[in-house]
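Residue-level listing of the chains:
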Amino acid sequence: MARKSMITALTAAGLTAAAAVGSWAQAPHAATAEAPVTKAVAVLHATKKGGEASGKVVFTQTPEGVRVEAHIHGLTPGLHGFHIHEFGDTSSDDGLSTGGHFNPLGSSHGDIHAPKRHVGDLGNIEADAKGHAKVELVDPSLSFSGPTSIIGRGLVVHAKADDLKTQPTGNAGDRVAVGAIGVSKAHTPAATK
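These figures come from a predicted structure and were not determined experimentally.

Cut-offs applied
Residues numbered from 1 in each chain as written. Predicted model: local features only at pLDDT ≥ 70, side-chain atom pairs only at ≥ 80, totals over all residues. Heavy atoms only, no water. Pairing = 2+ DSSP bridges. Helix = DSSP H or I, 4+ residues; strand = E, 2+ residues; numbered from the N terminus. Axes fitted to C-alpha atoms, helices over the stretch in contact; angles between N-to-C directions. pLDDT = per-residue confidence, 0-100. Contact = heavy atoms within 4.5 Å. Buried < 20%, exposed > 50% of the residue type's maximum accessible area, 1.4 Å probe, protein only.

Visitor: Summarise the sheet that holds strand E1 (residues 39-46); cite the residues concerned and give the values.
Guide: Whenever strands of a sheet pair, they do so through backbone hydrogen bonds, lying parallel or antiparallel. Pairing is antiparallel in the open sheet, where eight strands are placed in the order E5-E4-E7-E8-E1-E2-E3-E6. At either margin of the open sheet sits one strand with a lone partner, and together these are strand E5 (121-127) and strand E6 (133-139). Each neighbouring strand pair of the sheet contributes to a mean axis angle of 20°, computed without reference to strand direction. Strand direction decides the pairing type here: strand E4 (residues 78-85) and strand E7 (residues 154-158), joined by four bridges, are antiparallel.

Visitor: Which residues make up the pairing of strand E3 (residues 65-73), and what are the values?
Guide: Alignment of strand E2 (residues 54-62) against E3, held across nine bridges, turns out to be antiparallel. Looking at the pairing, Phe59 lines up with Val68 of E3. Relative to E6, E3 runs antiparallel, the two being bridged by seven bridges. Of the residues in E6, the one forming a bridge with Val68 is Leu137.

Visitor: Break down the confidence of the model for the chain for me, citing the residues and quoting the values.
Guide: Across the chain, pLDDT averages 80, with 78% of residues at or above 70. Low pLDDT (under 50) marks residues 3-29, which in the prediction has five contacts with non-local residues, meaning those over four places away or in another chain.

Visitor: Quick rundown of unusual backbone geometry? Include the residues and the values.
Guide: In this model, Gln167 is joined to Pro168 through a cis peptide bond whose omega is -5°. Secondary-structure assignment places Pro168 in the loop between E7 and strand E8 (175-183). Its identity as a non-glycine residue notwithstanding, Leu164 has a phi of 65°, on the positive side. For Leu164, the location among the structural elements is in the loop between E7 and E8. A residue is classified by how much of its surface remains accessible, and Leu164, at 29% relative accessible area, is partly exposed.

As structure tokens, this is what we get:
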């Protein structure tokens, strides 16, 4: 009987520890007093409808807001919706595991320059005749900590242009490239010493 109680206690302790580690791993990591996050990155890969779409997006904290610099390849020429989504889960082949647009303030969908919009509404990117898109913008709505933190969120490039008005998505079509936004190694305490 004592052995059965000991096994039950050890099993419960192990499950509790595993749950604690699992919830920590899934939580967005915020800046700390010792090492504030100043840079993040998302590496994009194609969904099943994305063909050869891929790219890299770097997010850097500036005094004016977060600078977004993107280089994306393999797109069809033209405009494509460009959004931060709720979840950094890119496991589904259609990109739907990233959830909806990141909207912690409960605003309506809109243009990046609208006074009220989803935090994740970054407007459109334009791919040239070779399918390359380059983006450089600064967005004061984005952050690396607090309720508008983009760390751990998903980044999505859509098949069509965001019309900047249709609720709640902008009618931008399928998700052709997705990535998770994570803290950049270049700005961890060990890398900056």
